[in-house]
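Here's the letter readout for the chains.
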Amino acid sequence: MLYVMGTNKLKIVNDPVYGLISIDNELIFDIIEHPLFQRQRRIKQLGLSYLVHPGAMHTRFQHALGATHLMRNALDVLDHKGFNIDEKDRESALIAILLHDLGHGPFSHTLESSFFSNVSHEQISEEFMKIIDRDFQGKLGGGISVFNDTHPCRLLHKLVSSQLDMDRLDYLNRDSFFTGVSDGVIGSARIIQMLTCHNDEPVIEAKGIYSIEKFLIARRLMYWQVYLHKTVVAAEEMLKAIIQRAKELVAMGVDIFASPALKFFLKNVVTEGLIHVEFDGVTPLEHFARLDDSDIICAIKVWRDSDDYILSRLCTRLIDRRLFKIEVSNNEIPDERIEQIKNEIIRSNTVPAQFADRFVIKGSLYNKAYSRHHNEAIKILQKDGKIKDIATASDISNVSTLSKPVIKSFVCYAT
(Lines give C-alpha, C1' and ligand atoms only; values in the text may rest on other atoms or scores of the structure.)
Protein backbone atom coordinates (compact mmCIF):
# COMPACT_ATOMS: atom_id res chain seq x y z
CA MET A 1 0.00 0.00 0.00
CA LEU A 2 1.33 3.46 -0.93
CA TYR A 3 1.14 6.32 1.54
CA VAL A 4 1.40 9.86 0.21
CA MET A 5 3.99 12.12 1.87
CA GLY A 6 2.67 15.58 1.09
CA THR A 7 1.71 16.52 -2.46
CA ASN A 8 4.86 15.37 -4.24
CA LYS A 9 5.85 11.97 -5.65
CA LEU A 10 7.91 10.86 -2.67
CA LYS A 11 6.32 7.74 -1.18
CA ILE A 12 6.85 4.98 1.30
CA VAL A 13 5.80 1.38 0.74
CA ASN A 14 4.80 -1.01 3.50
CA ASP A 15 6.73 -4.13 2.50
CA PRO A 16 6.14 -7.39 4.45
CA VAL A 17 9.83 -8.34 4.29
CA TYR A 18 11.62 -5.06 5.09
CA GLY A 19 8.90 -2.92 6.65
CA LEU A 20 8.59 0.66 5.41
CA ILE A 21 10.80 1.34 2.39
CA SER A 22 11.21 4.69 0.69
CA ILE A 23 10.67 5.80 -2.86
CA ASP A 24 12.61 9.05 -2.63
CA ASN A 25 13.22 9.76 -6.31
CA GLU A 26 10.53 11.24 -8.53
CA LEU A 27 11.77 9.52 -11.69
CA ILE A 28 11.75 6.16 -9.92
CA PHE A 29 8.16 6.82 -8.84
CA ASP A 30 7.11 7.70 -12.39
CA ILE A 31 8.75 4.52 -13.74
CA ILE A 32 6.87 2.44 -11.16
CA GLU A 33 3.64 4.04 -12.42
CA HIS A 34 4.40 3.03 -16.03
CA PRO A 35 2.09 0.27 -17.42
CA LEU A 36 5.04 -1.99 -18.26
CA PHE A 37 6.13 -1.93 -14.64
CA GLN A 38 2.59 -2.29 -13.30
CA ARG A 39 2.26 -5.43 -15.45
CA GLN A 40 4.58 -7.15 -12.97
CA ARG A 41 1.78 -7.09 -10.39
CA ARG A 42 0.10 -9.75 -12.55
CA ILE A 43 3.10 -12.10 -12.78
CA LYS A 44 3.87 -14.46 -9.92
CA GLN A 45 7.46 -14.50 -8.76
CA LEU A 46 7.55 -18.28 -8.27
CA GLY A 47 5.36 -19.57 -11.06
CA LEU A 48 3.31 -22.54 -9.87
CA SER A 49 5.10 -22.93 -6.53
CA TYR A 50 1.90 -21.89 -4.76
CA LEU A 51 0.54 -25.36 -5.57
CA VAL A 52 3.09 -26.68 -3.04
CA HIS A 53 3.70 -23.63 -0.84
CA PRO A 54 0.29 -21.90 -0.56
CA GLY A 55 1.79 -18.59 0.53
CA ALA A 56 3.94 -18.21 -2.58
CA MET A 57 1.57 -15.76 -4.25
CA HIS A 58 3.97 -12.82 -4.34
CA THR A 59 4.77 -11.05 -7.58
CA ARG A 60 7.59 -9.68 -9.68
CA PHE A 61 6.37 -6.21 -8.69
CA GLN A 62 7.11 -6.85 -5.01
CA HIS A 63 10.51 -8.35 -5.78
CA ALA A 64 11.51 -5.38 -7.94
CA LEU A 65 10.67 -2.91 -5.16
CA GLY A 66 12.54 -5.05 -2.60
CA ALA A 67 15.66 -5.34 -4.74
CA THR A 68 15.61 -1.58 -5.31
CA HIS A 69 15.42 -1.01 -1.56
CA LEU A 70 18.50 -3.19 -1.06
CA MET A 71 20.34 -1.39 -3.85
CA ARG A 72 19.70 1.94 -2.12
CA ASN A 73 21.08 0.51 1.12
CA ALA A 74 24.16 -0.86 -0.67
CA LEU A 75 24.89 2.48 -2.33
CA ASP A 76 24.54 4.23 1.04
CA VAL A 77 27.07 1.82 2.60
CA LEU A 78 29.56 2.31 -0.23
CA ASP A 79 29.15 6.08 -0.01
CA HIS A 80 29.76 5.96 3.74
CA LYS A 81 32.98 3.99 3.10
CA GLY A 82 34.28 6.67 0.77
CA PHE A 83 33.37 5.26 -2.64
CA ASN A 84 31.68 8.35 -3.99
CA ILE A 85 28.91 7.50 -6.43
CA ASP A 86 27.38 10.67 -7.86
CA GLU A 87 23.63 11.21 -7.92
CA LYS A 88 23.30 10.41 -11.63
CA ASP A 89 25.09 7.07 -11.31
CA ARG A 90 23.12 6.31 -8.17
CA GLU A 91 19.88 6.93 -10.02
CA SER A 92 21.10 4.76 -12.92
CA ALA A 93 21.81 1.85 -10.58
CA LEU A 94 18.36 2.16 -9.00
CA ILE A 95 16.68 2.20 -12.43
CA ALA A 96 18.64 -0.88 -13.56
CA ILE A 97 17.71 -2.98 -10.52
CA LEU A 98 14.11 -1.72 -10.54
CA LEU A 99 13.63 -2.89 -14.14
CA HIS A 100 15.94 -5.93 -14.20
CA ASP A 101 13.09 -8.47 -14.39
CA LEU A 102 10.73 -6.48 -16.60
CA GLY A 103 10.97 -9.06 -19.39
CA HIS A 104 9.49 -11.98 -17.49
CA GLY A 105 6.34 -13.48 -18.95
CA PRO A 106 3.46 -15.43 -17.42
CA PHE A 107 4.52 -17.52 -14.40
CA SER A 108 8.07 -16.16 -14.66
CA HIS A 109 10.70 -18.78 -15.56
CA THR A 110 8.18 -21.58 -16.14
CA LEU A 111 7.16 -20.48 -19.65
CA GLU A 112 10.29 -18.51 -20.57
CA SER A 113 10.96 -20.65 -23.66
CA SER A 114 7.29 -21.08 -24.62
CA PHE A 115 6.74 -17.69 -26.27
CA PHE A 116 10.12 -16.77 -27.76
CA SER A 117 12.74 -18.95 -29.43
CA ASN A 118 16.24 -18.40 -28.00
CA VAL A 119 15.35 -15.02 -26.54
CA SER A 120 16.04 -14.58 -22.82
CA HIS A 121 13.96 -12.56 -20.39
CA GLU A 122 16.99 -10.29 -19.94
CA GLN A 123 16.82 -9.36 -23.63
CA ILE A 124 13.11 -8.60 -23.33
CA SER A 125 13.80 -6.58 -20.17
CA GLU A 126 16.21 -4.37 -22.10
CA GLU A 127 13.72 -3.92 -24.94
CA PHE A 128 11.03 -2.87 -22.47
CA MET A 129 13.50 -0.48 -20.82
CA LYS A 130 14.04 1.17 -24.19
CA ILE A 131 10.30 1.65 -24.59
CA ILE A 132 10.04 3.32 -21.18
CA ASP A 133 13.15 5.36 -22.01
CA ARG A 134 11.41 6.76 -25.11
CA ASP A 135 8.34 7.58 -23.02
CA PHE A 136 10.58 9.50 -20.60
CA GLN A 137 12.57 11.37 -23.29
CA GLY A 138 15.83 9.48 -22.76
CA LYS A 139 16.06 9.68 -18.98
CA LEU A 140 16.77 5.93 -18.59
CA GLY A 141 19.96 5.82 -20.66
CA GLY A 142 22.23 5.46 -17.64
CA GLY A 143 20.08 2.71 -16.15
CA ILE A 144 20.11 0.76 -19.41
CA SER A 145 23.91 1.02 -19.60
CA VAL A 146 24.21 -0.30 -16.02
CA PHE A 147 21.86 -3.17 -16.88
CA ASN A 148 23.69 -4.25 -20.05
CA ASP A 149 27.16 -3.66 -18.52
CA THR A 150 28.26 -0.82 -20.79
CA HIS A 151 28.40 1.76 -17.98
CA PRO A 152 31.91 2.99 -17.07
CA CYS A 153 31.40 1.96 -13.43
CA ARG A 154 31.23 -1.84 -13.59
CA LEU A 155 30.60 -2.00 -9.85
CA LEU A 156 27.02 -0.88 -10.48
CA HIS A 157 26.33 -3.69 -12.93
CA LYS A 158 27.75 -6.24 -10.50
CA LEU A 159 25.31 -5.01 -7.86
CA VAL A 160 22.50 -5.71 -10.35
CA SER A 161 23.75 -8.98 -11.84
CA SER A 162 26.38 -11.20 -10.23
CA GLN A 163 26.59 -14.07 -7.77
CA LEU A 164 26.09 -11.63 -4.92
CA ASP A 165 23.71 -9.05 -6.33
CA MET A 166 20.70 -7.24 -4.88
CA ASP A 167 18.44 -9.45 -7.01
CA ARG A 168 19.56 -12.63 -5.23
CA LEU A 169 19.65 -11.04 -1.81
CA ASP A 170 16.02 -10.02 -2.18
CA TYR A 171 14.56 -13.10 -3.82
CA LEU A 172 16.09 -15.50 -1.31
CA ASN A 173 14.67 -13.61 1.66
CA ARG A 174 11.37 -12.84 -0.07
CA ASP A 175 10.80 -16.34 -1.41
CA SER A 176 11.71 -17.79 1.98
CA PHE A 177 9.24 -15.44 3.68
CA PHE A 178 6.30 -16.25 1.41
CA THR A 179 6.93 -20.00 1.15
CA GLY A 180 7.65 -20.41 4.86
CA VAL A 181 10.90 -22.26 4.06
CA SER A 182 13.14 -20.82 6.76
CA ASP A 183 16.31 -22.36 5.31
CA GLY A 184 16.35 -19.54 2.77
CA VAL A 185 16.61 -16.74 5.31
CA ILE A 186 19.88 -14.85 4.86
CA GLY A 187 21.50 -11.93 6.63
CA SER A 188 21.11 -9.49 3.75
CA ALA A 189 21.49 -6.45 6.02
CA ARG A 190 24.83 -7.70 7.36
CA ILE A 191 26.07 -8.72 3.90
CA ILE A 192 25.34 -5.21 2.64
CA GLN A 193 27.09 -3.66 5.65
CA MET A 194 30.17 -5.78 4.87
CA LEU A 195 30.17 -4.66 1.23
CA THR A 196 33.12 -2.70 -0.12
CA CYS A 197 34.83 -2.12 -3.47
CA HIS A 198 38.11 -3.33 -4.98
CA ASN A 199 39.17 -2.68 -8.60
CA ASP A 200 35.64 -1.55 -9.48
CA GLU A 201 34.13 -4.78 -8.20
CA PRO A 202 32.07 -5.50 -5.08
CA VAL A 203 33.93 -7.51 -2.43
CA ILE A 204 33.05 -8.54 1.10
CA GLU A 205 35.12 -7.64 4.14
CA ALA A 206 36.63 -10.65 5.91
CA LYS A 207 34.35 -10.35 8.93
CA GLY A 208 31.36 -10.96 6.65
CA ILE A 209 32.57 -14.37 5.46
CA TYR A 210 30.15 -16.37 7.62
CA SER A 211 27.19 -14.46 6.23
CA ILE A 212 28.35 -15.35 2.71
CA GLU A 213 28.73 -19.01 3.65
CA LYS A 214 25.16 -19.01 4.92
CA PHE A 215 24.00 -17.20 1.78
CA LEU A 216 25.44 -19.88 -0.51
CA ILE A 217 24.12 -22.77 1.56
CA ALA A 218 20.69 -21.11 1.76
CA ARG A 219 20.65 -20.72 -2.02
CA ARG A 220 21.39 -24.39 -2.54
CA LEU A 221 18.68 -25.44 -0.08
CA MET A 222 16.12 -23.09 -1.61
CA TYR A 223 16.71 -24.62 -5.02
CA TRP A 224 15.95 -28.13 -3.80
CA GLN A 225 13.14 -27.16 -1.44
CA VAL A 226 11.41 -24.49 -3.53
CA TYR A 227 12.66 -23.75 -7.06
CA LEU A 228 13.33 -27.40 -7.97
CA HIS A 229 10.84 -29.00 -5.58
CA LYS A 230 9.77 -32.14 -7.38
CA THR A 231 6.03 -31.43 -7.16
CA VAL A 232 6.55 -27.91 -8.47
CA VAL A 233 8.57 -29.37 -11.34
CA ALA A 234 5.71 -31.76 -12.17
CA ALA A 235 3.20 -28.90 -12.21
CA GLU A 236 5.44 -26.72 -14.38
CA GLU A 237 6.01 -29.54 -16.86
CA MET A 238 2.24 -29.96 -17.12
CA LEU A 239 1.84 -26.24 -17.83
CA LYS A 240 4.49 -26.36 -20.55
CA ALA A 241 2.78 -29.40 -22.06
CA ILE A 242 -0.53 -27.53 -22.09
CA ILE A 243 0.92 -24.58 -24.01
CA GLN A 244 2.70 -26.95 -26.40
CA ARG A 245 -0.53 -28.85 -27.11
CA ALA A 246 -2.42 -25.61 -27.67
CA LYS A 247 0.24 -24.58 -30.21
CA GLU A 248 -0.13 -27.93 -32.00
CA LEU A 249 -3.88 -27.56 -32.24
CA VAL A 250 -3.59 -24.02 -33.61
CA ALA A 251 -1.06 -25.29 -36.19
CA MET A 252 -3.62 -27.93 -37.23
CA GLY A 253 -6.17 -25.20 -37.86
CA VAL A 254 -8.21 -25.70 -34.69
CA ASP A 255 -9.71 -22.44 -33.43
CA ILE A 256 -9.22 -22.45 -29.66
CA PHE A 257 -10.05 -19.78 -27.11
CA ALA A 258 -7.26 -17.38 -26.15
CA SER A 259 -6.74 -13.69 -25.51
CA PRO A 260 -5.37 -11.84 -28.56
CA ALA A 261 -1.88 -11.68 -27.02
CA LEU A 262 -1.82 -15.39 -26.17
CA LYS A 263 -3.31 -16.38 -29.52
CA PHE A 264 -0.50 -14.52 -31.29
CA PHE A 265 2.17 -16.60 -29.54
CA LEU A 266 0.23 -19.82 -30.08
CA LYS A 267 0.25 -19.10 -33.81
CA ASN A 268 3.78 -17.76 -34.27
CA VAL A 269 7.35 -18.80 -33.50
CA VAL A 270 9.13 -15.58 -32.53
CA THR A 271 12.90 -15.38 -32.82
CA GLU A 272 15.14 -12.46 -31.85
CA GLY A 273 15.02 -11.03 -35.37
CA LEU A 274 11.23 -10.84 -35.32
CA ILE A 275 10.77 -9.00 -32.01
CA HIS A 276 10.19 -5.63 -33.70
CA VAL A 277 8.53 -6.89 -36.90
CA GLU A 278 4.88 -5.91 -37.20
CA PHE A 279 2.27 -8.63 -37.62
CA ASP A 280 -0.98 -6.94 -38.67
CA GLY A 281 0.31 -3.70 -37.22
CA VAL A 282 1.42 -5.09 -33.84
CA THR A 283 4.91 -6.32 -32.90
CA PRO A 284 5.59 -9.45 -30.80
CA LEU A 285 7.02 -7.15 -28.13
CA GLU A 286 3.70 -5.30 -27.91
CA HIS A 287 1.79 -8.57 -27.70
CA PHE A 288 4.12 -9.79 -24.94
CA ALA A 289 3.59 -6.58 -22.97
CA ARG A 290 -0.11 -7.49 -22.81
CA LEU A 291 0.52 -11.05 -21.64
CA ASP A 292 0.48 -12.10 -17.98
CA ASP A 293 -0.65 -14.90 -15.67
CA SER A 294 -4.34 -14.11 -16.13
CA ASP A 295 -4.21 -14.87 -19.88
CA ILE A 296 -2.91 -18.36 -19.16
CA ILE A 297 -5.23 -19.20 -16.26
CA CYS A 298 -8.31 -17.96 -18.12
CA ALA A 299 -7.38 -20.03 -21.18
CA ILE A 300 -6.74 -23.17 -19.15
CA LYS A 301 -10.13 -22.87 -17.42
CA VAL A 302 -11.80 -22.74 -20.86
CA TRP A 303 -9.58 -25.40 -22.43
CA ARG A 304 -10.56 -27.97 -19.83
CA ASP A 305 -13.80 -28.31 -21.86
CA SER A 306 -11.92 -28.67 -25.15
CA ASP A 307 -12.87 -31.42 -27.60
CA ASP A 308 -9.19 -32.37 -27.70
CA TYR A 309 -8.59 -35.14 -25.16
CA ILE A 310 -4.96 -34.23 -24.43
CA LEU A 311 -5.57 -30.53 -23.88
CA SER A 312 -8.75 -31.07 -21.88
CA ARG A 313 -7.23 -33.71 -19.60
CA LEU A 314 -4.04 -31.75 -18.90
CA CYS A 315 -5.95 -28.56 -18.12
CA THR A 316 -8.47 -30.31 -15.87
CA ARG A 317 -5.74 -32.02 -13.89
CA LEU A 318 -3.73 -28.81 -13.43
CA ILE A 319 -6.73 -26.70 -12.40
CA ASP A 320 -7.91 -29.39 -9.95
CA ARG A 321 -4.32 -29.95 -8.72
CA ARG A 322 -4.25 -33.60 -9.71
CA LEU A 323 -0.61 -33.33 -10.62
CA PHE A 324 1.59 -35.88 -12.32
CA LYS A 325 3.59 -38.21 -10.13
CA ILE A 326 7.32 -37.58 -10.41
CA GLU A 327 10.36 -39.79 -9.93
CA VAL A 328 13.77 -38.13 -9.47
CA SER A 329 17.05 -40.01 -9.82
CA ASN A 330 20.73 -39.17 -9.48
CA ASN A 331 21.28 -41.28 -12.59
CA GLU A 332 19.83 -41.15 -16.09
CA ILE A 333 16.40 -42.78 -16.07
CA PRO A 334 16.62 -45.73 -18.48
CA ASP A 335 14.34 -46.03 -21.49
CA GLU A 336 13.12 -49.33 -20.07
CA ARG A 337 11.64 -47.50 -17.08
CA ILE A 338 9.93 -44.98 -19.38
CA GLU A 339 8.34 -47.79 -21.38
CA GLN A 340 7.31 -49.53 -18.18
CA ILE A 341 5.53 -46.37 -17.03
CA LYS A 342 3.72 -46.02 -20.35
CA ASN A 343 2.56 -49.63 -20.17
CA GLU A 344 1.34 -49.13 -16.61
CA ILE A 345 -0.67 -46.09 -17.74
CA ILE A 346 -2.26 -48.09 -20.55
CA ARG A 347 -3.03 -51.11 -18.33
CA SER A 348 -4.65 -48.94 -15.67
CA ASN A 349 -6.76 -47.10 -18.25
CA THR A 350 -5.43 -43.81 -16.90
CA VAL A 351 -5.49 -42.50 -20.46
CA PRO A 352 -6.24 -44.18 -23.81
CA ALA A 353 -3.28 -46.08 -25.25
CA GLN A 354 -2.87 -43.73 -28.22
CA PHE A 355 -2.27 -40.80 -25.87
CA ALA A 356 0.08 -42.48 -23.37
CA ASP A 357 3.19 -40.77 -24.77
CA ARG A 358 1.72 -37.35 -24.05
CA PHE A 359 1.25 -38.08 -20.37
CA VAL A 360 4.85 -39.06 -19.66
CA ILE A 361 7.48 -36.29 -19.51
CA LYS A 362 11.20 -36.80 -19.08
CA GLY A 363 13.75 -34.15 -18.16
CA SER A 364 16.61 -33.10 -15.90
CA LEU A 365 17.26 -30.78 -12.95
CA TYR A 366 20.40 -28.67 -12.57
CA ASN A 367 21.60 -27.06 -9.35
CA LYS A 368 24.88 -25.20 -8.98
CA ALA A 369 24.88 -22.85 -6.03
CA TYR A 370 28.21 -21.21 -6.80
CA SER A 371 30.52 -20.69 -9.77
CA ARG A 372 34.28 -20.38 -9.19
CA HIS A 373 34.90 -18.78 -12.58
CA HIS A 374 37.25 -15.83 -11.96
CA ASN A 375 34.93 -13.18 -13.40
CA GLU A 376 31.98 -14.48 -11.37
CA ALA A 377 33.59 -15.37 -8.04
CA ILE A 378 32.46 -13.87 -4.75
CA LYS A 379 35.58 -12.20 -3.41
CA ILE A 380 36.63 -11.73 0.20
CA LEU A 381 38.89 -8.84 1.25
CA GLN A 382 41.32 -10.31 3.77
CA LYS A 383 42.67 -8.30 6.70
CA ASP A 384 46.07 -8.22 4.99
CA GLY A 385 44.52 -6.57 1.93
CA LYS A 386 44.61 -9.67 -0.25
CA ILE A 387 41.56 -10.82 -2.22
CA LYS A 388 40.41 -14.45 -2.04
CA ASP A 389 37.61 -16.44 -3.64
CA ILE A 390 35.07 -17.38 -0.97
CA ALA A 391 35.68 -21.06 -1.84
CA THR A 392 39.32 -20.79 -0.70
CA ALA A 393 38.81 -18.17 2.01
CA SER A 394 36.17 -20.26 3.78
CA ASP A 395 37.27 -22.84 6.33
CA ILE A 396 34.33 -25.14 5.61
CA SER A 397 34.47 -27.61 2.77
CA ASN A 398 30.79 -27.12 1.93
CA VAL A 399 31.47 -23.89 0.02
CA SER A 400 33.93 -25.52 -2.36
CA THR A 401 31.53 -28.43 -2.82
CA LEU A 402 28.74 -26.00 -3.79
CA SER A 403 30.67 -25.10 -6.92
CA LYS A 404 30.13 -28.60 -8.30
CA PRO A 405 26.93 -28.90 -10.36
CA VAL A 406 24.35 -31.47 -9.29
CA ILE A 407 22.33 -32.91 -12.16
CA LYS A 408 19.36 -35.19 -11.58
CA SER A 409 16.99 -36.87 -14.02
CA PHE A 410 13.25 -37.01 -13.63
CA VAL A 411 10.19 -38.51 -15.21
CA CYS A 412 6.69 -37.32 -14.37
CA TYR A 413 3.53 -39.03 -15.48
CA ALA A 414 -0.23 -39.35 -15.05
CA THR A 415 -1.51 -41.85 -12.49
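Bear in mind that the values here come from a model prediction, so they are computed numbers and not experimental data.

*Asks:* In this structure, what is going on with the environment of Asp15? I would like to understand it.
*Replies:* By the secondary structure assignment, Asp15 is in strand 2 (residues 11-15). The exposure class of Asp15 is buried, given its relative accessible area of 6%. Measuring from C-alpha to C-alpha, the distance between Asp15 and Ile319 comes to 30 Å, with 304 residues separating the pair along the chain. Once residues within four sequence positions are removed from consideration, Asp15 is found in contact with Ile21 and Arg174. Among the polar contacts listed, one links the side chain of Asp15 to the side chain of Arg174, at a separation of 3.0 Å.

*Asks:* Is there a simple way to think about the sheet that holds strand 7 (residues 360-367) in this case?
*Replies:* Remark on secondary structure: sheet strands pair via backbone hydrogen bonds, oriented parallel or antiparallel. If you trace the 3 strands from one edge of the open sheet to the other, you get 6-10-7, paired in antiparallel fashion. The sheet terminates laterally at strand 6 (325-329) and strand 7, the two strands that pair on one side only. Within this sheet the neighbouring strands show an average axis-to-axis angle of 25 degrees, counted without direction. Taken together, the 5 bridges between strand 6 and strand 10 (residues 406-413) define a ladder with antiparallel strand orientation. In the strand pairing of strand 10, Ser329 is matched with Ser409. Against the sheet, helix 11 (residues 209-227) engages strand 7 and strand 10, with an angle of about 170 degrees to strand 7. Along the sheet face, helix 12 (residues 230-251) touches strand 6, strand 7 and strand 10 and points at about 120 degrees away from the line of strand 6.

*Asks:* Any chance you could explain helix 13 (residues 260-267) here in plain terms?
*Replies:* Residues three or four positions apart in an α-helix share a direction because the helix packs 3.6 residues into each turn. Turning to helix 13, its buried residues number three or more, namely Ala261, Leu262, Phe264, Phe265 and Leu266. Looking at the packing, one finds that the buried side of helix 13 touches helix 5 (112-115), helix 12, helix 14 (284-289) and helix 15 (293-303).

What counts and how
- Residues numbered from 1 in each chain as written.
- Predicted model: local features only at pLDDT ≥ 70, side-chain atom pairs only at ≥ 80, totals over all residues.
- Heavy atoms only, no water.
- Helix = DSSP H or I, 4+ residues; strand = E, 2+ residues; numbered from the N terminus.
- Buried < 20%, exposed > 50% of the residue type's maximum accessible area, 1.4 Å probe, protein only.
- Contact = heavy atoms within 4.5 Å.
- Polar contact = N/O pair within 3.5 Å; in protein donor to acceptor, adjacent residues only side chain to side chain.
- Pairing = 2+ DSSP bridges.
- Axes fitted to C-alpha atoms, helices over the stretch in contact; angles between N-to-C directions.

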